[in-house]
Amino acid sequence: MSELLKKDILLKTETFVKEHLEGDSGHDWWHIHRVRNVALTIGSEEQADLFIVELAALLHDIADHKFNDGDETVGPKIAREWLESLNVDEASIEHVCKIIKDISFKGAGVRTPMHTIEGKVVQDADRLDAIGAIGIARAFSYGGFKNRELYNPNHPPTMHTSFDAYKKDDGHTINHFYEKLFLLKDRMNTRTGKTIAEERHKFMQNYVHQFLKEWDGK
Ligand code: ADP
Ligand code: NI
């Protein structure tokens, strides 16, 4: 595939994704924009195929299980139909759809291995957007969207061992830090991802520490 053709596919996909994502909480276009940019940074450090990285980053949230009654097969299906309509080669479609299918965090005790360097890069980029200053903002924005409490000391966190249990839990937002966000640093796939995660992780730890201090009136 020529570079010109790849560029055209990426531009059309960007427009398609923008039209599809408008309005849903936590997965707006700017999340995709940030994930794409970090993915390209990590991907070039890690010598990944940047066409696959960029396509998968653009399409990774095209249909979120949280908004499709827990159905994780919708995203890859929409992505496949879209890429087929652009005559993208079958191997690239297969690769991108596999990344989209495997990428999500499914609970503290559930393994979500990525099988290719491109998958590892995009998963790291998606996870980086869930931690640090932006991660904190997204967590409370999601909690607000779901009408959840900021915090409730009577409900300790749960380390979910199945995706189903993780999806059904509707605890307060501070729990989400313990059930997911603090775990992400050690699940980075790439060296570049780990380095970026360290700083964001520390920032989040300080934040929750301060939050709990204020909660106790100190
Ligand atoms: P991923 O992109 O890894 O699949 P999700 O789609 O689960 O992540 O989450 C999207 C955003 O919403 C993330 O920033 C995540 O931290 C946040 N989020 C998901 N579940 C919760 C929750 N129970 N409480 C607060 N924030 C949440
Ligand atoms: Ni995402």
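One can find the structure itself at the top, above this paragraph.
These lines cover the structure that appears in this document, whether it is placed above or below. For every chain, the first residue of the written sequence is number 1, and numbering continues from 1 onward in sequence order. Here chains are named by letter from A upward and ligands by number from 1 upward, in the order in which they appear as written. Under the rules for a predicted model, residues below a pLDDT of 70 receive no local features and side-chain atom pairs below 80 are neither given nor counted, while totals for whole chains, interfaces and linings still include all residues. Only hydrogens and water are set aside when side-chain values are computed; all heavy atoms of the structure are taken into account.

Let us look at the coordination of the nickel ion (ligand 2). Around the nickel ion (ligand 2), the protein contributes the donor atoms His 31 (NE2), His 60 (NE2), Asp 61 (OD) and Asp 126 (OD), at 2.1 to 2.2 Å from the metal centre. Around the nickel ion (ligand 2) sit 4 donor atoms, and with donor-metal-donor angles ranging over 79 to 167° the site reads as irregular. Counted as donors are N, O and S atoms no farther than 2.8 Å from the metal, or 3.2 Å for Na, K and Ca; water is not among the atoms, and sites may therefore look incomplete. The sequence pattern formed by the donor residues of the nickel ion (ligand 2) is H-x28-H-D-x64-D. Note that His 31 is positioned in helix α2 (residues 29-45) and Asp 61 in the loop between α3 (50-59) and α4 (74-85), a separation of 30 residues in sequence. Burial status follows relative accessibility: with a 1.4 Å probe on protein chains alone, a residue under 20% of its type maximum counts as buried, one over 50% as exposed, and anything between as partly exposed. With a relative accessible area of 7%, Asp 61 lands in the buried category. Any site counts as irregular unless it has four donors with all angles between 85 and 135 degrees, making it tetrahedral, or four or six donors with opposite ones more than 155 degrees apart and the rest between 65 and 115, making it square planar or octahedral. To qualify as a helix, a DSSP run of H or I must reach at least 4 residues; to qualify as a strand, a run of E must reach at least 2; elements of each kind are numbered from the N terminus.

This next bit is on the packing of aromatic side chains. Planes of paired rings set the category: under 30 degrees apart is stacked, over 60 is edge-to-face and the rest tilted, where pairs are Phe, Tyr or Trp rings (Trp by its six-membered ring) whose centres lie within 6.5 Å. In total, this model carries 11 aromatic pairs according to the counting rule given. The interplanar angle of 65° and the centroid separation of 6.2 Å between the aromatic rings of Phe 140 and Tyr 207 together place this pair among those described as edge-to-face. Residue Phe 140 is found in helix α7 (residues 132-145), and its partner Tyr 207 is found in helix α10 (residues 191-215); the two are separated by 67 residues along the sequence. Looking at Tyr 207, the relative accessible area reads 29%, which means it is partly exposed. With centroids separated by 5.9 Å and ring planes inclined at 50°, the aromatic side chains of Phe 177 and Phe 182 adopt a geometry described as tilted. Residue Phe 177 shares its accessibility class with Phe 182, and that shared class is buried. Grouped by ring-pair contacts, the aromatic residues Phe 140, Tyr 151, Phe 177, Tyr 178, Phe 182, Tyr 207, Phe 211 and Trp 215 constitute a single cluster. The ring of Trp 29 carries the charged tip of Lys 18 above its face, separated from the ring centre by 5.0 Å. We call a charge positioned over a ring when the NZ of a Lys or the CZ of an Arg lies within 6 Å of the ring centre and within 35 degrees of the ring normal.

The next thing to look at is the environment of Asp 186. One can find Asp 186 in the loop between α9 (173-179) and α10. Between the alpha carbons of Asp 186 and Glu 199 there is a distance of 13 Å; along the sequence they are 13 residues apart. Within polar-contact distance, the side chain of Asp 186 engages the side chain of Lys 185 at 3.1 Å. In protein, a polar contact requires one atom able to donate a hydrogen and another able to accept it; more generally it is a pair of N or O atoms within 3.5 Å, and residues adjacent in sequence count only if both atoms are side-chain atoms.

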